[in-house]
Structures are given as structure tokens and as C-alpha cells.
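Residues per chain are reported as follows:
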Amino acid sequence: MTRITLFSASILALTMAACSGPADETGAPEGTSPETETVAPEAAEASEPEAETAEAATVDAVELIKLDCGSIYVSDLDIFSSAGDYAGQTDTLTDTCWLVRHPEGNLLWDLGLPGNLVGAGEQTNGVFTVSMDTSLEDQLAAMDLAMADIDYLAISHSHFDHVGQAGAIDADATEWLVNESEYDFMFPADTQEGEASEADVDYSAFEPLRHTIIGDDYDVFGDGSVVIFETPGHTPGHASLLVNLPETGPVLLTGDLYHRVESRELKRVPQFNTDEAATLASMEAFEAKADELGAKVIIQHEPADTDGLPDVMR
């Protein structure tokens with residue numbers, strides 16, 4: 001099985017540059033792991049101006065908001081199917097991140113392409129050409145929100161196009177929710193100082209973050225409205241997200257369980273997945289959940305699923 005050494009040279013350099021700053025600023029020792037929390041900490045007592053900002057950011061019911069985290073043109077889709085039937089095909093994948101707003105806090109799901117791509121134009125590496133117009137921070141600002149308003153961070157998995165803006169996360173305000181398998185994939189115990197992890201991505205921006213190791217079917221707010229569930233195979237701890245919206249009903253965000261509509265229809269597994277059998281089992285479990293819930297499924301990289309959504313899903 002091919003490892004995801006897909007994005008190297010200039011693209012990885014952008015990722016590493018975007019991820020390296022906060023670790024230095026917070027003084028986290030090089031090579032250390034993030035501080036682990038077993039439960040979500042009580043919110044720190046805020047000063048009066050911060051309290052007013054938090055009050056302004058409150059919502060009455062759960063909302064789901066798509067964020068634009070870049071574009072990925074693929075000049076040859078061959079590696080996206082172990083069956084060999086995508087060779088020579090091309091496609092443009094969207095890269096979406098998601099803001100879940102809840103009366104008790106905000107969850108950011110995925111971190112997209114590196115923030116340094118904004119204003120840099122298209123960057124090509126092998127079969128991939130990536131670009132991004134607007135950073136997460138600027139998109140939040142347009143909603144009168146700041147990175148400090150993000151209470152929880154979760155990533156579907158740790159590939160570079162889902163962790164690229166980790167350096168923008170406010171380490172004092174945000175708690176990272178991650179399952180043990182993905183955490184160990186990012187920070188393997190046998191990795192020596194200065195070495196990259198198995199995923200060949202720099203994760204130093206995650207080091208200052210408080211993190212909580214979560215299990216399967218993790219209920220973020222304790223009311224069943226936002227649930228992170230494991231769908232391993234793309235990476236060892238790959239996860240998907242269930243958001244129960246009051247008007248739309250249940251919505252399932254796939255992460256990279258699928259990349260395209262055809263991937264879902266044909267159950268195609270990328271050649272660079274860590275475990276094909278686990279991926280197929282996750283697909284079966286995911287579809288059973290979708291059928292049981294009657295959920296709207298959104299493939300995060302598929303423009304046909306992400307284009308045309310309302311600005312705010314309720």
C-alpha cells in the first residue's frame with residue numbers, strides 16, 4: 001500500500017512553515033507532545049471584554065457552516081482507486097472545513113490547506129495543483145468571530161490538506177479532540193527527534209494544544225447533537241462527524257472516507273490508504289448509519305455535495 005508521500009517539496013514546505021510558529025511562540029520544547037486532558041476543562045474566567053465577545057457569539061440552536069479551505073486539482077486520479085479504474089482521469093476537488101455552532105460552544109472540524117497558500121497562487125506538485133483564496137481566520141472574522149471563539153478542534157484525519165492551518169489555532173482557548181489511533185499516527189512513540197511521522201507532515205503546531213483522547217461515538221456537547229465517530233482505514237484513526245440540525249435533520253460529514261461521488265457509489269479505496277480492509281468496513285458501517293438516520297451525506301472534497309449549500313445550515 002502506497003504511503004501518502006504525495007505532497008512534498010514546496011507544498012510540504014508551506015505546511016511546515018504554517019505549522020511551526022505557535023510552538024516557538026508558546027515555548028513548547030521541540031519534540032514534546034501536547035498536554036493531555038482527560039476531560040474538557042472548565043472555561044477560564046474571562047475578562048469583561050472577552051465575556052461580551054462570547055455572549056455575542058452565542059447561538060440558540062445548532063448550526064453548521066461550510067468554510068472554504070482551498071482547491072485541489074488532480075491531473076491523474078489513479079492513486080484514488082486501488083482498482084486501477086481512475087487512471088488518466090482528472091478532477092478538481094474542493095477542500096472544505098466546517099464550523100459547528102452550538103449554544104454551549106463552537107467546534108471547528110478540519111483545518112484545510114496551509115494558510116501560506118493564500119495569495120501565493122496555484123502550487124503544483126506532481127499530479128496535484130493546490131490553491132486557496134481565504135484563510136480560516138479571515139472567514140471567521142467575516143462572521144464577527146475570532147480563533148479564540150473556537151472552543152473545540154477536531155480533524156477528520158491528519159493528512160496535510162486537513163491540518164494546514166493548525167498554526168492559527170488559539171492554544172489558550174481551544175481544546176483538541178482526537179482519538180488515540182490518530183494521535184499515535186501523528187506522534188508515534190518510536191519517532192526520533194527531528195524525524196517526520198509516518199504521515200510525513202509536520203505537526204509541531206499541535207504540540208502547544210491541550211488535547212483530550214476520545215473514544216468512538218464521542219458526544220461533544222453531551223446532548224447527541226454533535227458526535228465524532230471513527231471510520232478508520234484512510235488513516236488509522238480517521239473519523240467522520242454527525243451533526244443533528246433542528247431543521248435539516250442529521251448531516252454526516254465524511255472526512256476522506258470518500259473523495260468523490262463515484263468513490264462512494266463504487267466503494268473505491270485510494271491506493272495511499274493505510275488499510276483497505278478497514279476502509280471497506282468503515283464504508284459499510286457509515287452507510288448503515290446514514291440509512292438508519294436518514295442522514296444527508298456530505299463528501300467534503302466533492303463540489304457536487306458542497307456547492308450550493310446555504311450559508312448556514314440549521
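This write-up is about the structure you can find in this document.

Digging into the environment of I213
Mapped onto the secondary structure, I213 falls in strand β9 (residues 210-214). On the basis of relative accessible area, I213 is assigned to the partly exposed category, the value being 33%. Each C-alpha atom of the pair I213 and Y183 lies 8.1 Å from the other, and the pair is 30 residues apart in sequence.

Some thoughts on the packing of aromatic side chains
With the rule as written, the count across this model stands at ten aromatic pairs. With centroids separated by 6.2 Å and ring planes inclined at 55 degrees, the aromatic side chains of F187 and Y203 adopt a geometry described as tilted. Of this pair, F187 sits in the loop between α5 (180-186) and β9 while Y203 sits in the loop between α5 and β9; the two residues are 16 residues apart in sequence, bridging distant segments of the chain. Given a relative accessible area of 4%, Y203 falls into the buried group. Pairwise contacts between aromatic rings join W176, Y183, F187, Y203 and F206 into one cluster. In this structure, R260 is placed above the aromatic ring of Y86, and the distance from its NZ or CZ to the ring centre is 4.9 Å. Between the NZ or CZ atom of K289 and the centre of the ring of F229, over which it lies, the distance is 4.6 Å.

Focus on unusual backbone geometry
Backbone phi values are negative for most residues with the exception of glycine, while trans is the configuration of most peptide bonds. Notably, D110 is not glycine yet its phi reads approximately 75 degrees, a positive angle. With respect to the helices and strands, the residue D110 is situated in the loop between β4 (105-109) and β5 (123-125). Given the relative accessible area of 0%, D110 is considered buried. Despite not being glycine, K267 shows a phi value in the positive range, around 55 degrees. Along the chain, the position of K267 falls in the loop between α6 (261-266) and α7 (276-293). The class for K267 is partly exposed, based on a relative accessible area of 34%.

Quick look at the sheet that holds strand β13 (residues 249-253)
Taken in spatial order, the five strands line up as β10-β11-β12-β13-β14 in an open sheet, and their pairing is mixed. Edge positions in the open sheet fall to β10 (218-219) and β14 (296-298), since each of these has one partner strand only. Examined bridge by bridge, strand β11 (residues 226-230) and strand β12 (residues 239-245) share five bridges and lie antiparallel to one another. Counted as the bridge partner of V226 is V243 from β12. Across the sheet, α7 lies against β11, β12, β13 and β14, angled at about 165 degrees from β13, the strand it touches most.

With respect to the environment of A281
Tracing the sequence through the fold places A281 in helix α7. Given a relative accessible area of 47%, A281 falls into the partly exposed group. Along the sequence, A281 and T231 sit 50 residues apart, while their C-alpha atoms lie 8.4 Å from each other.

Let's talk about α7
Here α7 is 18 residues long and its end C-alpha atoms lie 26 Å apart, about the 26 Å a rise of 1.5 Å per residue gives. Burial in α7 covers these residues: T279, S282, M283, F286, E287 and A290. Projection of α7 onto a plane perpendicular to its axis shows the buried side chains occupying an angular sector of 135 degrees, all on one side. When the buried face of α7 is taken as reference, the exposed residues oriented beyond 90 degrees from it are A277, D291 and E292. Capping the start of α7 is the job of one residue whose side-chain oxygen sits 3.1 Å from the backbone nitrogen of A277: D275. Among the residues trailing α7, G294 stands out with phi positive, at a value near 65 degrees.

The rules behind these values
- Residues numbered from 1 in each chain as written.
- Predicted model: local features only at pLDDT ≥ 70, side-chain atom pairs only at ≥ 80, totals over all residues.
- Heavy atoms only, no water.
- Helix = DSSP H or I, 4+ residues; strand = E, 2+ residues; numbered from the N terminus.
- Buried < 20%, exposed > 50% of the residue type's maximum accessible area, 1.4 Å probe, protein only.
- Phe/Tyr/Trp six-rings, centres within 6.5 Å; stacked < 30°, edge-to-face > 60°.
- Lys NZ or Arg CZ within 6 Å of the ring centre and 35° of its normal.
- Pairing = 2+ DSSP bridges.
- Contact = heavy atoms within 4.5 Å.
- Axes fitted to C-alpha atoms, helices over the stretch in contact; angles between N-to-C directions.
- Expected span 1.5 Å × (residues − 1).
- Arc of directions from axis to C-beta.
- Polar contact = N/O pair within 3.5 Å; in protein donor to acceptor, adjacent residues only side chain to side chain.

The quantities given are spatial measurements derived from coordinates; they are silent on function.
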